[in-house]
Amino acid sequence: MAQSADHVLDHFDLFRGPEYQQMLDNKKMFENPRDPAEVERIKEWTKTSEYREKNFAREALTINPAKACQPLGAVFASVGFQGTLPFVHGSQGCVAYYRSHLSRHFKEPSSCVSSSMTEDAAVFGGLNNMIDGLANSYNMYKPKMIAVSTTCMAEVIGDDLNAFIKTSKEKGSVPADFDVPFAHTPAFVGSHVTGYDNALKGILEHFWDGKAGTADKLERKPNRKINLIGGFDGYTVGNLREIKRIFELMGIEYTILADNSDVFDTPTDGEFRMYDGGTSLEDAASALHAKATISMQQWCTEKTLPFIADHGQEVLAFNYPVGVSATDEFLMALSRISGNEIPEELARERGRLVDAMADSSAHIHGKKFAIYGDPDLCHGLAAFLLELGAEPTHVLSTNGNKAWVEKMQALFASSPYGKNCHAYPGRDLWHMRSLLFTEPVDLLIGNTYGKYLERDTGVPLIRIGFPIFDRHHHHRSPVWGYQGGMNVLVKILDKIFDEIDKKTNVLGKTDFSFDIIR
Amino acid sequence: MSLATTYSTAQIRARNKELIEEVLKVYPEKTAKRRAKHLNIHEAGRSDCGVKSNIKSIPGVMTIRGCAYAGSKGVVWGPIKDMVHISHGPVGCGQYSWGSRRNYYVGTTGIDSFVTLQFTSDFQEKDIVFGGDKKLVKVMDEIQELFPLNNGITVQSECPIGLIGDDIEAVSRAKSKEFGGKTIVPVRCEGFRGVSQSLGHHIANDAVRDWIFDKGGPQGKPRFEPSPYDVAIIGDYNIGGDAWSSRILLEEIGLRVIAQWSGDGSLAELEATPKAKLNILHCYRSMNYISRHMEEKFGIPWCEYNFFGPAKIAESLRKIAGYFDDKIKEGAERVIEKYQPLVNAVIAKYRPRLEGKTVMLFVGGLRPRHVIGAYEDLGMEVVGTGYEFGHNDDYQRTAQHYVKDSTLIYDDVNGYEFERFVEKIQPDLVGSGIKEKYVFQKMGVPFRQMHSWDYSGPYHGYDGFAIFARDMDMAVNSPIWKKLKAPWKDVPRPKLLAAE
């Protein structure tokens, strides 16, 4: 018996002891296990080009995708509005999943309700669930707004949100003038970034275009403000705060749309804040009058930006700007639109980032990287790597499309380091596994699920993306702005140095390179 | 001991009654009427907890429950390691449940084991419009080609499957034939079925009965000689290694575990289970169905047991041994004695730090009662408990064997109710899930996740009890809870505790 009260052994030590190892060995006779030699043979086979070819020939099966479904993005966007309760119409299990998923990433509460549709609703439709659900949510959680989206169940049976919400109001579930924007967010179309887009557009449409026929459309009276949309972003807390700091440094009046940076970062001080911060509903409405709207993620706003442009604003989309040039472009766009100068303080921050890159780029230059994640994130990280003289050899986005590939190819073509780089749209992490075996790289950048790739292929993982479940608090630091670029640079460097140390720390064998200065 | 004023049972009863009345006030009348049936104060001597259960959740209330898919793929089938489980439908369900349940297993992942892979048919609009059967056929072909060492396939249905009229049974039969009799199990666990995860457990149990027991696949014959001491562990999902820290005890008393359902389990183990002399059932809620079936069909008795905390472990070891001869009975006594020094040391170390602390629980279908003994072993008192998806037979077991008089009972509690209850009762610890964790920690209430063991565990068995005690201590007695209030804002909070 290895366990003791003095030194409590956790699972990772406990089961490695001889008693448990013996037990697990004995268990095998009941498992009818495969011949270990056969397991080894297949394991090696999965590393080959032949396997890669079969793997890439897949037409129906998806294995380890790097995307989630629409309503997750809708919930993420909705909580960015002040006092807003996301209400997902359909099966209730979905909502349990979104809440868990967001909580596991942010280590924060995630509030959201479901209309809990079951078999009878599948047959008769979910109108009654909507009527009762809105009334209960309104009474229990006292929201300022309820933002409705849908699960695939409600979409398959064809529930009509507009009509259902109207009927619910007629039945008195919520007051007639209570804001209930909505968006259809079928899980079988697009991904979580699509859901973000649909939900945000639904909310803006609600406020700007007459609240589903219950109010007059707003008339645009242009002002000097700039709207900013962050998009679906695991670093929303750090990033939006950095963006606000930049806006304030530049003296720009702004509205962050779907600002969930506070609700995903509330203090522990004895009070649970179900709602915190967020874009006020007044600001959401008056965002119509802004001079321009900037989206930090093109593929999170494919419908929202044209909708805003149709209302007479200039719109501008970035692709998750990370690093020097992407931040330069972002700031120059802010300066151009606002007419305000970029202050010296930001120029100095830029200089510090360039300084840091100059100090350290020798360790990154020429290194090959694989990146996966949402389409904009991939673009932003690849652009930064090219600035560092690294090669983003494999860039894979499960929810990337043809237009994304074209954009990636243009980026590769813009740099000599992009020469041998490829973009893979619609592929998953099992494809990435084949890529890493057949065309090895030095480092991998991706979310927590990349740890399986790191284990299988030995390529060290740098955790940037969503979700990050197994490292804490990184979402609180920005990756946007020059300071954000600095954070990304440090993260990459730390991994590189840790790996060099790991390779050179064998006493008397490899430790001639175990340098004290690097 | 807490620095709390102590109250009589009558006072606590009155307080809890007031509390229930208070939370019901928030609801529209119809909802209040429905919710009132799920909230109660336990009365000693009653045969159940006096609440309704296993009833539809009310729309819009923020229920903590999940769905049938979660019950089947997430709980029952997902841990079977040598089979490929297809999340059949849109991408989300498989994505959100990917690797998050911590069902430990030993195997070469991606080659002969597949638990922590996310296989999905990733439905697109055209699959909804034209049906997904053709895609499913292709998905199975591709699995066969790329994962030749898989021992079987299950189809875990997501909501659309049942709504668009797909015939996954026909596809499964045809592909099984084509693949030389391979075990392929279609599971009708669409998320809209039933009222919670619970129906998913039942459907998954039935699928084992219909597609594994009744088919008797090519691997059907066990490759070991039966012994008089063969048992199967039923309803242990090996979260953080729970089934392993249980198995070791069963083997130490002289039994032979021929199957684990389903943590670290394999198809061969499922198939061989009808050879067991006794099925021992940990999670009654999720696997009583198949246990009853095996009793009826194969005459295998089953007994419930509880491996949380030394009091229940000893009681359970003796109960299990009671089904066997003196050799096993002596084995049980020997093992209880062997671990007594560890138990004594753990209790000596942690009980003084935890004595008198109060706990409120809200977990799935077993732990709201099963862990109470372990807390009591540490001198802690469970003052409120409830099930996410328990049935009346769970509340009967709770009332008859576990909870004390005046305990607050809340079935299918929602965010609002749970927050109000905890706010007023101010327990020293809340044990529930990830969705509740950060809410209560923000409120300054120590918390442990009691589904995932908060990424710790195992909690089963004697080895697990040491970890459990350590974890509860570090939650309750973490110095961080003293830092909640800025010193210029600090105010004491009142407490309510049962008089001993």
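Scroll up a little and you will see the structure.
Residues numbered from 1 in each chain as written. Chains lettered and ligands numbered in written order. Predicted model: local features only at pLDDT ≥ 70, side-chain atom pairs only at ≥ 80, totals over all residues. Heavy atoms only, no water.

**Some details on the overall build of chain B**
Selection rule: Secondary structure elements are defined from DSSP: runs of H or I of at least 4 residues count as helices, runs of E of at least 2 residues count as strands, and each element is numbered from the N terminus. Based on C-alpha atoms, the radius of gyration is set beside the globule rule, defined as 2.2 Å times the residue count to the power 0.38. Throughout, exposure labels follow a simple rule: accessible area from a 1.4 Å probe, protein chains only, divided by the maximum for the residue type, with under 20% read as buried, over 50% as exposed, and the rest as partly exposed. Pairs of residues are marked as contacts when any of their non-hydrogen atoms sit within 4.5 Å. The Shrake-Rupley method, run with a 1.4 Å probe sphere, supplies the accessible areas, and residue values consider only the shown protein chains as cover. Residues counted as positive are Lys and Arg, residues counted as negative are Asp and Glu, and His and the chain ends are not counted. Every charge is mapped to an atom, namely NZ of Lys, CZ of Arg, CG of Asp or CD of Glu.
Along chain B, the regular secondary structure elements total 20 helices and 16 strands. Here chain B has a C-alpha radius of gyration of 23 Å; the compact-globule value for 500 residues is 23 Å, and the two agree. Taking the principal axes of its C-alpha atoms as reference, chain B extends roughly 70 × 60 × 40 Å. By the burial criterion, 69% of the 500 residues in chain B qualify as buried. For chain B, long-range pairs separated by at least 24 residues make up 73% of all intrachain contacts whose partners lie at least 6 apart in sequence. Within the structure as shown, chain B displays about 16300 Å² of accessible surface, and the carbon and sulfur contribution to it stands at 52%. When the 66 positive and 63 negative side-chain charges of chain B are each reduced to one mean point, those points stand 3 Å apart.

**Thoughts on the sheet that holds strand S15 (residues 447–449) of chain B**
Residues and elements named next belong to chain B. Rules: Strand pairing requires that DSSP identify at least two bridges connecting the strands. In this analysis an axis means a line fitted to C-alpha atoms, helices contributing only their contacting stretch, and an angle means the value between N-to-C directions, from 0 to 180 degrees.
Spatially, six strands are ordered S2-S13-S12-S11-S14-S15 in an open sheet, and the strand pairing comes out mixed. Here the strands that pair on one side only, and so sit at the sheet edges, are strand S2 (39–41) and S15. Across the sheet, the mean angle separating the axes of adjacent strands is 25° when strand polarity is ignored. One ladder, built from three bridges, connects strand S11 (residues 358–361) with strand S12 (residues 381–385); its direction is parallel. Directly across from valine 359, in S12, lies its bridge partner valine 382.

**Observations concerning unusual backbone geometry**
Residue Pro467(A) is bonded to the preceding Phe466(A) through a cis peptide linkage, with omega at -5°. Relative to the elements of secondary structure, Pro467(A) occurs in the loop between strand S13 (461–463) and helix H21 (481–503). Here the residue pair Trp261(B) and Ser262(B) is connected by a cis peptide bond, since its omega of -10° sits within 30 degrees of zero. Within the element layout of this structure, Ser262(B) appears in strand S8 (residues 256–262).

**Focus: the packing of helix H13 (residues 310–321) of chain B against helix H14 (residues 326–354) of chain B**
For any two helices packed against each other, one specifies the crossing angle of their axes together with the interaxial distance. Residues and elements named next belong to chain B. What counts, and what does not: These descriptions rest on fixed angle ranges, namely under 35 degrees for roughly parallel, over 145 for roughly antiparallel, 65 to 115 for roughly perpendicular, and the rest for oblique. Here the nonpolar group is Ala, Val, Leu, Ile, Met, Phe, Trp, Tyr, Cys and Pro; Asp, Glu, Lys and Arg are the charged ones; every other residue, Gly included, is treated as polar.
At their nearest, the axes of H13 and H14 sit 9 Å apart, and the two run at 175° to each other. When the axis of H13 is compared with that of H14, the two are roughly antiparallel. For the pair H13 and H14, the contacting residues are Pro310, Ala314, Leu317, Arg318 and Ala321 in the first and Ile328, Lys329, Ala332, Glu333, Val335, Ile336, Val343 and Ile347 in the second. Along the lines of polarity and charge, the residues of the contact of H13 with H14 split into 10 nonpolar, no polar and three charged.

**Details of the sheet that holds strand S9 (residues 278–281) of chain B**
Residue and element names in this part refer to chain B. Pairing in this open sheet of four strands is parallel, and the strands run S8-S7-S9-S10 from one edge to the other. Strand pairing shows two members of the sheet lacking a second neighbour, S8 and strand S10 (302–304), which therefore form its edges. With strand direction ignored, the average angle separating the axes of adjacent strands in the sheet is 25°. Here strand S7 (residues 230–236) pairs with S9 via four bridges, running parallel. By the bridge assignment for S9, isoleucine 234 is matched with leucine 281.

**Side note on the pattern of salt bridges**
Definition in use: Counted as salt bridges are all cases of a side-chain nitrogen of Lys or Arg within 4 Å of a carboxyl oxygen of Asp or Glu.
Taken as a whole and judged by the stated rule, the model has 71 salt bridges over all chains. Measuring nitrogen to oxygen at the nearest pair gives 3.6 Å for the salt bridge that ties Arg471(A) to Asp470(A). It is possible to trace a salt-bridge network through shared partners that takes in Glu108(A), Arg241(A), Asp262(A), Asp265(A), Arg476(A) and Lys442(B).

**Regarding the interface of chain B and chain A**
Interface size is often expressed as the accessible area that is lost when the parts come together. Test applied: Note on definitions: buried area is the accessible-area loss of two parts on being combined, 1.4 Å probe, summed for both.
Contact with chain B, which involves 122 residues of that partner, is made by 102 residues of chain A. Overall, the association of chain B and chain A removes approximately 9400 Å² of surface from exposure, summing both partners, and the carbon and sulfur fraction of that is 62%. In terms of surface lost to chain A, no three residues of chain B exceed Met62(B), Tyr96(B) and Lys442(B), which account for 10% of the buried area on that side. Inspection of the region where chain B meets chain A yields 10 salt bridges. Close ionic contact of Asp264(B) with Lys27(A) constitutes a salt bridge, the shortest N to O distance being 3.6 Å.

**A short note on helix H10 (residues 161–170) of chain A**
Working note: α-helix, 3.6 residues per turn, so residues spaced by three or four point in the same direction. Residue and element names in this part refer to chain A. Put simply, the test is: When we speak of the arc, we mean the arc of directions from the helix axis to the C-beta atoms. Counting of polar contacts relies on pairs of N or O atoms within 3.5 Å, with two restrictions inside protein: one atom must be capable of donating a hydrogen and the other of accepting it, and residues adjacent in sequence are counted only when both atoms are side-chain atoms.
Residues of H10 that are buried include every one of Leu161, Phe164, Ile165, Ser168 and Lys169, and no others. End-on view of H10: buried residues confined to an arc of 135°, all on one side of the axis. Exposed residues pointing more than 90 degrees away from the buried face of H10 are listed as Lys166 and Glu170. If you follow the buried residues of H10, they end up packed against strand S2 (84–89), helix H8 (127–141) and strand S4 (145–150). A distance of 3.2 Å separates the backbone nitrogen of asparagine 162 from a side-chain oxygen at the start of H10, and that oxygen is part of aspartate 160. Taken from the residues just after H10, glycine 172 is the one with a positive phi, measuring 85°.

**Points about the pairing of strand S6 (residues 183–187) of chain B**
Residues and elements named next belong to chain B. With five of its five residues buried, S6 lies for the most part within the structure. Burial along S6 is two-sided: Thr183, Val185 and Val187 and Ile184 and Pro186, pointing in opposite directions, are all buried. Both strand S5 (residues 152–157) and S6 contribute to a ladder of five bridges, which runs parallel. Paired with valine 155 across the strands is proline 186, a residue of S6.

By themselves, these are just geometric observations and shouldn't be taken as functional.
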